[in-house]
Amino acid sequence: MKHSKLFFLRALLLVLFAGFDLAASAQANRADYTGHTNRTNPPAKLKLLSAHPREVIGPEHPDVILSRNFSGFETGQVIKMDGTYHMFVNEMFVRPFRDLRISYWTSKDALNWERRATIRESIPGRSSYNPRSEVWVTGVEFNEDENAWNIFYVAYRAGDETKGEIARSDYSGRIWRAKSVIPGIKGIAGPYADMGIVLQPGEHSQAWEGQQAVASFNPYKVGDTWYAFYDGHNYIPQGGWPTGMARAEKLEGPWTRMPEDFNPLPIVDEFMENTVITQLKNGKHLAVFDSFGDREIGYSLSEDGLNWSKETRIKVQFEDRAWVKDGNHSLRTPLCAIEEDDGTFTVIYTGLMDLREEAFYAVGKCTLAWE
């Protein structure tokens, strides 16, 4: 009996200590807005499983020729629905990074693409007085409250040299939300009506955002709350390219910036842009983004959608079959990381083609998998 009582007391103490440990662990993992504690450190990494040996949309594509797209593609998002890939992407139809329009494409296999529509165009006459000198689509989501698709795009003005700004740079980015006119899932092809600006420079801007912000915006949902990554950059003096987060109770807003003791995110040391976030089947979140590197993109993982791992870079082309020009930042922006039924990820991205006299940013495809 004495030994039974001793055993019972030991067991009780073990249970109590285990409970204290679990409570402490839960507190450490609790997501709040006071900092970035217990950030995800995934034991597994992504690897390049396969890469299409050539671009899937290039200058010889019939729809590229027909639409008179002379400089290629950059920035956007691809989603998969009912076996079809839907791509919203910017076309640099005259000068790279200057003359912009947002287009809509579809594909059954992510290899063979058809252009369906022009969604938005920049206003000709790039100047500091033109608030739509450039338009860049960065986010696509279905809004259940509206029973309609929402696209989010950035509109910039050019710099004003009379105020000491750089004329060729992008200033005062404003994030526009547009809603599909045709209700329901089938309205994804548009047309889209502008509903207003959801985030812009103003009294609530944070010091790190700089002169370009607000740049890029990609919403995703965690529980009942919407979050979005958004970018910033300072030209004078030259700064890095930090990324912060905003939140909203509804996709249509109002959107508010996360506190300054939360922003910017410590994912990279210098550069990340145009993040696309995917919720994985296991409930975690994967962010892919434009990153400095040679034929590489960056990615980060989060278990709670708020605290993110440090950047990991991964090549999306094999060296002996690379069609993107070598060198820092010739490979541009990933448009998606779609988790397929077999557990692999389809990644569509843009990159500067090699062996061409005139610059053309084509669209490529690769498949990633966990190591």
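Being a predicted model, the structure only gives us computed values, none of them experimental. (Residues numbered from 1 in each chain as written. Predicted model: local features only at pLDDT ≥ 70, side-chain atom pairs only at ≥ 80, totals over all residues. Heavy atoms only, no water.)

## As for the nonpolar core
Phe88, Leu199, Phe217 and Trp255 are the most contacted members of the largest nonpolar core, which totals 41 residues. For this core, the element with the most residues is strand E7 (residues 148–158), which contributes seven residues. Setting aside residues no more than four positions away along its own chain, phenylalanine 217 makes contact with Thr138, Gly139, Phe152, Ile175, Val198, Leu199, Ala228, Phe229, Tyr230 and Trp255. (Core = buried A, V, L, I, M, F, W, Y, C linked by side-chain atoms within 4.5 Å. Buried < 20%, exposed > 50% of the residue type's maximum accessible area, 1.4 Å probe, protein only. Helix = DSSP H or I, 4+ residues; strand = E, 2+ residues; numbered from the N terminus. Contact = heavy atoms within 4.5 Å.)

## With respect to the layout of surface pockets
Its volume calculated, the largest pocket comes out at about 700 Å³. As for the largest pocket, its lining consists of 26 residues, and the residues nearest its centre are Ile79, Val140, Glu141, Phe142 and Gln279. Only strand E2 (73–81), strand E6 (134–143), strand E10 (215–222), strand E14 (273–279) and strand E19 (338–339) provide two or more residues apiece to the lining of the largest pocket. In the lining of the largest pocket, the residues fall into 13 nonpolar, four polar and nine charged. The computed volume of the second largest pocket comes to approximately 520 Å³. Forming the boundary of the second largest pocket are 26 residues, of which Phe97, Asp170, Gln212, Glu273 and Arg332 lie nearest the centre. (1 Å grid on protein atoms, 1.4 Å probe; cavity = no way out; pocket = protein on both sides within 12 Å on 5 of 7 lines; lining within 4 Å. Points joined across faces, edges and corners; volume = space filled by probe spheres on them. Nonpolar A, V, L, I, M, F, W, Y, C, P; charged D, E, K, R; others polar.)

## Section: the sheet that holds strand E12 (residues 243–248)
With antiparallel pairing, the four strands of this open sheet are ordered in space as E10-E11-E12-E13. If you trace the sheet from one side to the other, it starts and ends with E10 and strand E13 (256–257), each paired once. In this structure, E12 lies alongside E13, joined through two bridges in antiparallel fashion. By the bridge assignment for E13, arginine 247 is matched with threonine 256. (Pairing = 2+ DSSP bridges.)

## Quick look at unusual backbone geometry
With an omega dihedral of 10°, the bond running from glycine 253 to proline 254 counts as a cis peptide bond. By the element assignment, proline 254 lies in the loop between E12 and E13. Going from asparagine 263 to proline 264, the amide bond is cis rather than trans, its omega being -10°. Looking at where proline 264 falls in the secondary structure, it is placed in the loop between E13 and E14. A positive phi angle, near 55°, is found at arginine 68, a position not held by glycine. Here arginine 68 is to be found in the loop between helix H2 (62–66) and E2. Even without a glycine there, the phi angle at serine 216 is positive, about 70°. Within the secondary structure, serine 216 is located in strand E10. According to the relative accessible area criterion, serine 216 is buried, its value standing at 4%.

## Digging into the sheet that holds E14
Overall, antiparallel pairing links the four strands, which are arranged E14-E15-E16-E17 in an open sheet. At either end of the open sheet lies a strand with only one pairing partner, and these are E14 and strand E17 (312–315). The mean angle between the axes of side-by-side strands here comes to 30°, regardless of whether they run parallel or antiparallel. (Axes fitted to C-alpha atoms, helices over the stretch in contact; angles between N-to-C directions.)

## Quick look at the packing of aromatic side chains
Under the criterion given, the structure shown has 18 aromatic pairs. With a centroid separation of 5.9 Å and an interplanar angle of 80°, the aromatic rings of tryptophan 241 and phenylalanine 292 are classed as edge-to-face. Here the residue tryptophan 241 occupies a position in the loop between strand E11 (225–231) and E12, and phenylalanine 292 occupies one in the loop between strand E15 (285–290) and strand E16 (296–302), the gap between them amounting to 51 residues. Classification of tryptophan 241 by relative accessible area gives buried; the value is 18%. Measuring from centroid to centroid gives 4.4 Å for phenylalanine 271 and phenylalanine 292, while their planes differ by 15°, and the two rings are stacked. Highlighted residues: phenylalanine 271 in the loop between E13 and E14 and phenylalanine 292 in the loop between E15 and E16, separated in sequence by 21 residues. The pair phenylalanine 271 / phenylalanine 292 is uniform in exposure class, with both members buried. Feature note: the residues Tyr220, Tyr227, Phe229 and Trp308 constitute an aromatic cluster, connected by ring pairs. Above the face of the tryptophan 176 ring, arginine 132 is positioned so that its terminal group lies 4.5 Å from the ring centre. (Phe/Tyr/Trp six-rings, centres within 6.5 Å; stacked < 30°, edge-to-face > 60°. Lys NZ or Arg CZ within 6 Å of the ring centre and 35° of its normal.)

## Observations regarding the confidence of the model for the protein chain
Residues of the protein chain with pLDDT of at least 70 account for 88%, and the chain-wide mean is 89. Counting interchain partners and residues more than four positions distant, the pLDDT-below-50 stretch residues 1–32 has eight contacts. (pLDDT = per-residue confidence, 0-100.)

## Some thoughts on the pattern of salt bridges
Opposite charge on two side chains makes pairing possible when the charged atoms of those side chains draw close. Summed over the entire model, instances satisfying the criterion amount to 21 salt bridges. We note a salt bridge from glutamate 311 to arginine 313, for which the minimum N-O separation is 3.2 Å. In this structure glutamate 311 comes out as partly exposed when scored by relative accessible area, which is 22%. The closest approach of N and O atoms between glutamate 319 and lysine 315, which form a salt bridge, is 3.5 Å. Judged by its relative accessible area of 30%, lysine 315 falls in the partly exposed class. (Salt bridge = Lys/Arg side-chain N within 4 Å of Asp/Glu carboxyl O.)

## Quick word on the environment of tryptophan 136
Along the chain, the position of tryptophan 136 falls in strand E6. Assessed through its relative accessible area of 8%, tryptophan 136 is described here as buried. Among residues more than four places away in sequence, those in contact with tryptophan 136 are Glu74, Thr75, Asn90, Met92, Phe97, Leu100, Ile102, Phe152, Tyr153, Val154 and Tyr156.

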